[in-house]
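# Report on the structure
Listed below are the residues making up each chain.
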Amino acid sequence: MKRSTPVNTSAPLPRAALVSGLAIAVAGAVLFSTKAIVAKLLYRYQIDAVTLIAFRMLFSLPVFAAVALWKMRTQPPLAVRDRWRIVGLGLLGYYLSSYLDFLGLQHISVGLERLILFLTPTFVLLANMLVFKRRIGAAAWAALGLAYAGIVLVFVHDLAGGAGNTALGALLVLGSALAYAVYLIGTGEMVRRIGSLRLVAYAMCVSSVACIGQFFLLRPAGMLVQPAGVYWLSLVNGVFCTIFPVFMTMAAVQRIGAATASQAGMIGPVSTLFLGALILGEPVTGVQLAGTGLVLLGIYTLSIKQ
């Protein structure tokens, strides 16, 4: 019979697999973006970024350490060169990037913070052009222009609002996005060799040690005693805004691929904007919506061009 032809390997995913993968990707993006909301709530207890990030890692470290120990026992040991690279990447991608992000959140709205962080893919693209001499086409330049125009629109709007030191906060979060972009570039080749789960677990352990060590170097141990609200919010930050999103994103990538998962993750900035209004009382204006739309359109255009 003619209908017994081989199955096309490029056939679309079954609907159930696609829907479940998209649901996991969207939920992971929303949870990860919610860390900005939780950080703002924690700052109401008069703690600083050093204390906030230390508590976040205290609650998430046990899980990542367990995964790291499991991988150490079930897989061959890493080369010395890879160990040092993971130390550097962990300090850059999950320590420095997170620290600058939480510092910046003391000065800017969660909506602007999420939009700036969402520019990370554009920094990776520009780095590939400058370092690896990759050529960028006209469509990609147009997409970059849209994304950055959206950021400028929201930044000028927040600057005019006079809420905190907007310029300083934006620069700190921009530094966070740049640090994470360098981390992504550095992990590209290692992910293929040692696996994403192993790399993330090891890097998060390095970051956790750095964050907790920084706390004990700069703050008295007595600052570990905090109101109950700090512990509960830190638990949410460490588990629901850190551990769950990491593993959910990996699960989504396995089901629907990195490109589709990254596009689903575009819900992150939108969710942060409205959660900020709902929980923190931050206003949602037409200018913010327009800027968010430009950023999302630019990033989406970039994602389909890759």
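These remarks concern the structure in this document. Note that the structure is a prediction, hence the values are computed from the model and not measured. (Residues numbered from 1 in each chain as written. Predicted model: local features only at pLDDT ≥ 70, side-chain atom pairs only at ≥ 80, totals over all residues. Heavy atoms only, no water.)

Scanning the protein chain for helices and strands turns up 13 helices and zero strands. Taken from the N to the C terminus, the helices and strands of the protein chain come in the order α-α-α-α-α-α-α-α-α-α-α-α-α. With respect to the principal axes defined by its C-alpha atoms, the protein chain has extents near 75 × 50 × 40 Å. With 306 residues in all, the protein chain has 47% of them scored as buried. The contacts in the protein chain between residues at least 6 apart in sequence include a share of 87% that link residues at least 24 apart. A total accessible area of about 14,900 Å² is found for the protein chain, and carbon and sulfur atoms account for 71% of it. A distance of 15 Å separates the average location of the 22 positive side-chain charges in the protein chain from that of its 7 negative side-chain charges. (Helix = DSSP H or I, 4+ residues; strand = E, 2+ residues; numbered from the N terminus. Buried < 20%, exposed > 50% of the residue type's maximum accessible area, 1.4 Å probe, protein only. Contact = heavy atoms within 4.5 Å. Areas by Shrake-Rupley, 256 points an atom, 1.4 Å probe, with all protein chains shown as cover. Lys, Arg positive; Asp, Glu negative; His and termini not counted. Charge placed at Lys NZ, Arg CZ, Asp CG, Glu CD.)

Throughout the structure, instances matching the rule amount to five salt bridges. The partner of Arg219 in a salt bridge is Asp48, and the shortest N-O contact between them spans 2.5 Å. On the criterion of sequence distance, the pair formed by Arg219 in the loop between helix H9 (196-218) and helix H10 (228-256) and Asp48 in the loop between helix H2 (35-43) and helix H3 (49-74) is long-range, its members being 171 residues apart. The partner of Glu113 in a salt bridge is Arg114, with the nearest N and O atoms 3.5 Å apart. Comparing Glu113 with Arg114, the two get one shared label, buried. Connected through shared salt-bridge partners, Lys35, Asp101, Glu113 and Arg114 make up one network. (Salt bridge = Lys/Arg side-chain N within 4 Å of Asp/Glu carboxyl O.)

Moving on: helix H4 (residues 80-104). In a regular helix each residue adds 1.5 Å, so 25 residues correspond to 36 Å; H4 covers 35 Å between its end C-alpha atoms and thus fits that length. The sharpest bend along H4 measures roughly 25° and falls at Leu91. (Expected span 1.5 Å × (residues − 1). Bend = angle between axes of the 7 residues up to and from the residue.)

What follows deals with a nonpolar patch on the surface. Together, Leu171, Leu174 and Leu178 make up an exposed nonpolar region whose accessible area comes to about 260 Å². Mapped onto the secondary structure, Leu174 falls in helix H8 (residues 166-194). The class for Leu174 is partly exposed, based on a relative accessible area of 31%. (Patch = residues over 30% accessible without salt bridge, like charges linked within 9 Å, V, L, I, M, F, W, Y side chains within 5 Å.)

For the structure on display, the rule yields zero disulfides. Looking at the unpaired Cys205, the closest cysteine sulfur is the one in Cys211, lying at 12 Å. Considering cysteine sulfurs only, Cys211 is the nearest to Cys241, which forms no disulfide, with 15 Å between them. Assessed through its relative accessible area of 1%, Cys241 is described here as buried. (Disulfide = S-S within 2.5 Å.)

Counting buried residues in helix H5 (residues 110-117) gives eight out of eight residues, a clear majority hidden from the surface. Taken together, the buried positions of H5 are occupied by Val110, Gly111, Leu112, Glu113, Arg114, Leu115, Ile116 and Leu117.

Mapped onto the elements, Ala201 comes out in helix H9. In this structure, the C-alpha to C-alpha distance between Ala201 and Leu61, residues 140 residues apart in sequence, is 9.2 Å. Once residues lying within four places of it in the same chain are set aside, the contact partners of Ala201 are Phe64, Val67 and Ala68.

With that settled, consider the nonpolar core. The tendency in soluble globular proteins is for nonpolar side chains to be buried as a group. Ranked by size, the top nonpolar core spans 51 residues in total, and within it Leu42, Tyr43, Leu52, Phe64, Ile86, Phe102 and Leu105 carry the most contacts. Elements represented by at least two residues in this core include exactly H2, H3, H4, H8, H9 and H10. Top contributing element to this core by residue count: H9, with twelve residues. In terms of nonpolar packing, the next biggest core, distinct from the first, is built from 20 residues, Leu115, Phe123, Met266 and Val295 among them. (Core = buried A, V, L, I, M, F, W, Y, C linked by side-chain atoms within 4.5 Å.)

In this section: the packing of aromatic side chains. Within the structure shown, the criterion is met by nine aromatic pairs. Geometrically, the ring pair formed by Phe123 and Tyr148 is tilted, given 6.3 Å between the ring centres and 40° between the ring planes. Within this pair, whereas Phe123 is found in helix H6 (residues 120-131), its partner Tyr148 is found in helix H7 (residues 138-161), the two being separated by 25 residues in sequence. You can call Phe123 buried: its relative accessible area is 12%. Using a relative accessible area of 25% as the deciding quantity, one classes Tyr148 as partly exposed. Pairwise contacts between aromatic rings join Tyr94, Tyr180 and Tyr183 into one cluster. Between the NZ or CZ atom of Lys35 and the centre of the ring of Phe32, over which it lies, the distance is 5.4 Å. (Phe/Tyr/Trp six-rings, centres within 6.5 Å; stacked < 30°, edge-to-face > 60°. Lys NZ or Arg CZ within 6 Å of the ring centre and 35° of its normal.)

So, to be careful, I would describe these as geometric facts and stop short of saying anything about function.
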